[in-house]
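Residues per chain are reported as follows:
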Amino acid sequence: MNSDQTLDANVAEQAGADGTPLRVTATPAALALIDELRSEYGPVMFHQSGGCCDGSSPMCYPVGDFLVSDGDVRLGTVGGAEFFISRSQFEVWKHTHLLLDVVPGRGGMFSLENGREKRFHIRSRLFSDAENRALEGACKL
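Notes on the structure in this doc start here. If you're wondering where the values come from, they're calculated on a predicted model, not measured in any experiment. (Residues numbered from 1 in each chain as written. Predicted model: local features only at pLDDT ≥ 70, side-chain atom pairs only at ≥ 80, totals over all residues. Heavy atoms only, no water.)

Side note on the sheet that holds strand E6 (residues 96–104)
An order of E1-E6-E7 is seen for the three strands of this open sheet, with the pairing classed as mixed. Strands at the two margins of the open sheet, each flanked by one partner only, are strand E1 (24–26) and strand E7 (118–126). The average angle at which neighbouring strand axes cross in this sheet is 30°, direction not considered. Inspection of the sheet shows E1 paired to E6 by three bridges, in the parallel sense. Within E6, the residue paired with Thr25 across the bridge is Leu99. Sheet strands in contact with helix H1 (residues 28–41) are E1, E6 and E7, and its direction is about 70° off that of E6. (Pairing = 2+ DSSP bridges. Helix = DSSP H or I, 4+ residues; strand = E, 2+ residues; numbered from the N terminus. Axes fitted to C-alpha atoms, helices over the stretch in contact; angles between N-to-C directions. Contact = heavy atoms within 4.5 Å.)

Here it is in structure tokens:
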């Protein structure tokens, strides 16, 4: 299964075709919103920073509008959109699987879903011991 396919948040092992656990996946609602945004804006990407006000809401941008740097880590792709996290936040969340979902509300001021009365939201679970062992060395800092 690749990272563009929908996975159930309750599945213990969520792995790519090579067996490596995926760090980020998406619900059907998130995949539908990504498609909606892509049809309007073209290719999109996500960034999850560790700022005090960001909480569990990742920001969605048109590709090229947010410049990733050495201070960011690429977690994978969801719905064909690359997903990045700030390096400092990755250090805190590196043992955590992220599930991109959609909930009612307003998106971040600069996030593309703003004004649609729904927003992206991160749900999470800790990786199992086996998943952590399989991920050792992935996303090196």
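Here the narrative resumes, following the displayed structure.
Observations regarding the sheet that holds strand E4 (residues 72–78)
Strand order in the open sheet made by the four strands is E3-E2-E5-E4, with mixed pairing throughout. The open sheet has two edge strands, strand E3 (59–62) and E4, and neither has a second partner. Taking the axes of each pair of neighbouring strands and ignoring which way they run, one obtains an average angle of 30° across the sheet. Here H1 sits on the sheet in contact with strand E2 (44–48), E3, E4 and strand E5 (81–86), set at roughly 125° to E2.

Let's talk about the pairing of E2
Taking burial as the measure, the five residues of E2 include five buried ones, the bulk of the element. Residues Val44, Phe46 and Gln48 point to one face of E2 and Met45 and His47 to the other, with burial holding for every one of them. Here four bridges tie E2 to E3, and the two strands are oriented antiparallel to one another. When the sheet's bridge partners are listed, His47 is paired in E3 with Met59. By the bridge criterion, four bridges tie E2 to E5 in an arrangement that is parallel. Each bridged residue has a counterpart across the sheet, and for His47 the counterpart in E5 is Phe84. (Buried < 20%, exposed > 50% of the residue type's maximum accessible area, 1.4 Å probe, protein only.)

Some points on the packing of aromatic side chains
Inspection of every chain in the model, using the stated rule, returns three aromatic pairs. Taking 5.7 Å as the distance between ring centres and 20° as the angle between the ring planes, the aromatic pair formed by Phe46 and Phe83 counts as stacked. Here Phe83 lies in strand E5 and Phe46 lies in strand E2, a separation of 37 residues in the sequence. Relative accessible area serves as the criterion here: at 0%, Phe46 is assigned to the buried category. (Phe/Tyr/Trp six-rings, centres within 6.5 Å; stacked < 30°, edge-to-face > 60°.)

Quick look at the pattern of salt bridges
Going through the model one piece at a time under the given rule, you end up with nine salt bridges. Note that Asp101 is salt-bridged to Arg123, the shortest N-O span being 2.6 Å. Of this pair, Asp101 sits in strand E6 while Arg123 sits in strand E7, and the two are 22 residues apart along the sequence. Residue Arg123 is classed as partly exposed on the basis of its relative accessible area of 37%. (Salt bridge = Lys/Arg side-chain N within 4 Å of Asp/Glu carboxyl O.)

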